[in-house]
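Fold and contact review
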Amino acid sequence: MIGDSQTPSLRTADYPLPDQPKTTGRFIVVFADRSDDCAGILAEAAGLTQVTDSRDFGTRGVDPDAASGAQATLFANLGIAVVDAAPDQIGALQVSSADKHRVLSVSPELIHDVLGSADDYVAGYRDGVADLAGRLAAGPHTGRDGGSTPADFADNNNFTWGLQATRAVSSPYSGQGVRVAVLDTGVDGSHPDFAGRSITSASFVTGEQPQDGHGHGTHCIGIACGPKVPGTGPRYGVAHEAEIFAGKVLSNAGSGTDAGILAGIDWAVGNGCAVISLSLGADVAQIHPPYTAAGSRALEQGSLIVAAAGNNADRRKGEFGFVGSPANSPFIMAVAALDQALDVASFSARSLPLRGGQVDCAGPGVHAYSSWPMPKRYNTISGTSMATPHAAGVAALWAQATSRRGLELWATLVQEAERLPLLSVDVGAGLVLAPQ
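We now turn to the structure provided with this report. (Residues numbered from 1 in each chain as written. Predicted model: local features only at pLDDT ≥ 70, side-chain atom pairs only at ≥ 80, totals over all residues. Heavy atoms only, no water.)

**Details of the overall build of the protein**
Helix and strand content of the protein: 11 helices and 16 strands. Among the 436 residues that make up the protein, the fraction classed as buried is 59%. When contacts within the protein are restricted to residue pairs at least 6 apart in sequence, those whose partners lie at least 24 apart make up 78%. Total accessible area computed for the protein in this model is approximately 16,000 Å², and 48% of it derives from carbon and sulfur atoms. (Helix = DSSP H or I, 4+ residues; strand = E, 2+ residues; numbered from the N terminus. Buried < 20%, exposed > 50% of the residue type's maximum accessible area, 1.4 Å probe, protein only. Contact = heavy atoms within 4.5 Å. Areas by Shrake-Rupley, 256 points an atom, 1.4 Å probe, with all protein chains shown as cover.)

Right, dumping it as structure tokens:
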């Protein structure tokens, strides 16, 4: 069972909090036990009888258009439902949650957005980039030379700097046999770099197909699972033989709801995805109960969720931000962003002083080159959104190398990370590294 997360008062001078979160008017119900008759509980406690059950859709996942007229949609793998009901029915569910025997929580449904590009932040980071360029001109380096001058990574003709930094380029593992779900804005199914790859796609956005009309999803999928030999330019994908599950949970405009994200997680878990990557979020400092449950229950079933810590810092101004939802779930791995000098990116969020609010690890997140919907084909952007699929790809390599899943895979990823001379509140265990 998932206990309550105790949230202390946040020191707003150190951790400036955002405006009220964006909500939809619906509610998310977390059941105490996912094996219970959750639909029966909704009917008995609140008179909700029009319930769409994810099990009715098999491995295809919930069709949001088919579920649009229901009073509730149940995600059976997670023991969570999204409810659209009258205030008295919501009140009845909230009363039912008071004893925690059948219902753990009833929370407003939040709206989430893509967490990249952070290039608006990076634009203010030009002094650092100029310094980087000066050091690059001095000659080649490894980024780990142990000297007194920081050594920086850079893209070359063969590999992006992120692949070099994570040591994916020298790993004998490819992610073969491992399923990786990237839940984002979808994927460009016509991209030539993914021709012949095993891609399973689904949309959990009402009225939209899995095709990526934004770009963010195709970029993240490219970093996590892009090809070993792209059509042109350097290799940019970590787990180049992983099976790709592209779940569209954010619209072509770049936003989505808890319902779509939870539907995507339920689908990925049901399809046995060892790694689930979320480069999205809401600037909400408080832990959102649905993701505490979703993260924990995914781990129980062998799926590790990694999520972007957030881009709400501006360290040049002394503003360190905070890890937002869903990354601040205690059971979801929060990923910070590093620059080419393996320093924390100026926009990357800092840990909060609460259970689950911490950064767990870090990945390359500044000026990340990857795939983009045609005809542009490639793009370079920045954000914790880009750090997250680096971590997801590395997790897939470890899943192949060790056959570990769930909490064991989480422990392996942080144990094998490279410790950095930086605060753990900013980078957690350090830079994720591929198995050698």
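**Overview of unusual backbone geometry**
Here the bond from S325 into P326 is cis, since omega is 5°, no more than 30 degrees from zero. Along the chain, P326 turns up in the loop between β12 (304–308) and β13 (333–338). Geometrically, the link from M374 to P375 is a cis peptide bond, its omega value of 10° lying close to zero. Secondary-structure assignment places P375 in the loop between β15 (368–371) and β16 (378–381). With phi around 80°, R377 is a residue other than glycine that occupies positive phi space. Relative to the helices and strands, R377 resides in the loop between β15 and β16. Given the relative accessible area of 22%, R377 is considered partly exposed. Positioned with a positive phi, S403 is a non-glycine residue whose angle comes to about 65°.

**A closer look at the nonpolar core**
Formed by 55 residues in total, the largest nonpolar core has its most connected members in I80, L183, L262, I265, I276, L278 and L342. Per-element tally for this core: the top contributor is helix α7 (residues 258–270), with 8 residues. When residues no more than four places from it in sequence are discounted, the contact partners of I276 are A181, L183, I265, A268, V269, S303, L304, I305 and V306. The next biggest cluster of nonpolar side chains, apart from the first, holds 47 residues, and it includes A224, V335, A392 and L409. (Core = buried A, V, L, I, M, F, W, Y, C linked by side-chain atoms within 4.5 Å.)

**Thoughts on the pairing of strand β8 (residues 243–248)**
For β8, the buried fraction is high: 5 of the 6 residues fall into the buried class. Here strand β7 (residues 199–203) pairs with β8 via 5 bridges, running parallel. In the strand pairing of β8, S201 is matched with A246. A crossover connection joins β7 to the parallel β8 through helix α6 (residues 216–225); in handedness this β-α-β unit is left-handed. (Pairing = 2+ DSSP bridges. Right-handed = clockwise from strand over helix to strand, strands pointing away.)

**Notes on the sheet that holds strand β10 (residues 275–278)**
Pairing in this open sheet of 7 strands is parallel, and the strands run β7-β8-β6-β10-β12-β13-β14 from one edge to the other. The open sheet is flanked by β7 and β14 (361–364), the only strands paired with a single partner. Going from strand to strand, the sheet's axes swing by 25° on average, the running direction of each strand aside. Contacts between α6 and the sheet are confined to β6 (179–184) and β8, with β6 contributing the most and set at about 155° to the helix. (Axes fitted to C-alpha atoms, helices over the stretch in contact; angles between N-to-C directions.)

**Some remarks on the environment of Y378**
By the secondary structure assignment, Y378 is in strand β16. Sequence separation of Y378 and G222 is 156 residues, and the distance between their C-alpha atoms is 9.5 Å. When near neighbours in sequence (up to four residues on either side) are disregarded, Y378 contacts H191, D193, P230, G231, T232, Y236, Y369, S370, S371 and W372. At 2.8 Å, the side chain of Y378 forms a polar contact with the side chain of D193. One polar contact links Y378 to R377, side chain to side chain, over a distance of 3.3 Å. (Polar contact = N/O pair within 3.5 Å; in protein donor to acceptor, adjacent residues only side chain to side chain.)

**Details of the packing of aromatic side chains**
All told, the structure shown has 6 aromatic pairs when counted by the stated rule. Among the aromatic residues, those joined into a ring-pair cluster are F204, F245 and W267. One Lys or Arg, R350, reaches over the ring of F320 and ends 3.8 Å from the middle of that ring. (Phe/Tyr/Trp six-rings, centres within 6.5 Å; stacked < 30°, edge-to-face > 60°. Lys NZ or Arg CZ within 6 Å of the ring centre and 35° of its normal.)

**Brief notes about the pattern of salt bridges**
The final tally for this structure, using the stated rule, is 11 salt bridges. The shortest N-O distance in the salt bridge between R315 and D426 comes to 2.8 Å. Taken together, the residues R315 in the loop between β12 and β13 and D426 in helix α11 (residues 424–427) connect sequence positions 111 residues apart. D426 shares its class with R315; the two are buried. (Salt bridge = Lys/Arg side-chain N within 4 Å of Asp/Glu carboxyl O.)

**Topic: the side chain of R197**
Relative to the helices and strands, R197 is located in the loop between β6 and β7. For the buried R197, no salt bridge exists, and the shortest N-O distance to an oppositely charged side chain is 7.6 Å, to E241. Of note is the side chain of R197, whose polar atom sits 2.8 Å from the backbone oxygen of C225. A distance of 3.0 Å separates a polar atom in the side chain of R197 from the backbone oxygen of A242. Filtering out sequence-adjacent residues up to four positions away, R197 remains in contact with C225, G226, P227, A239, H240, E241, A242 and I244. (Lys, Arg positive; Asp, Glu negative; His and termini not counted.)

Any functional reading would require information beyond the geometric quantities listed.
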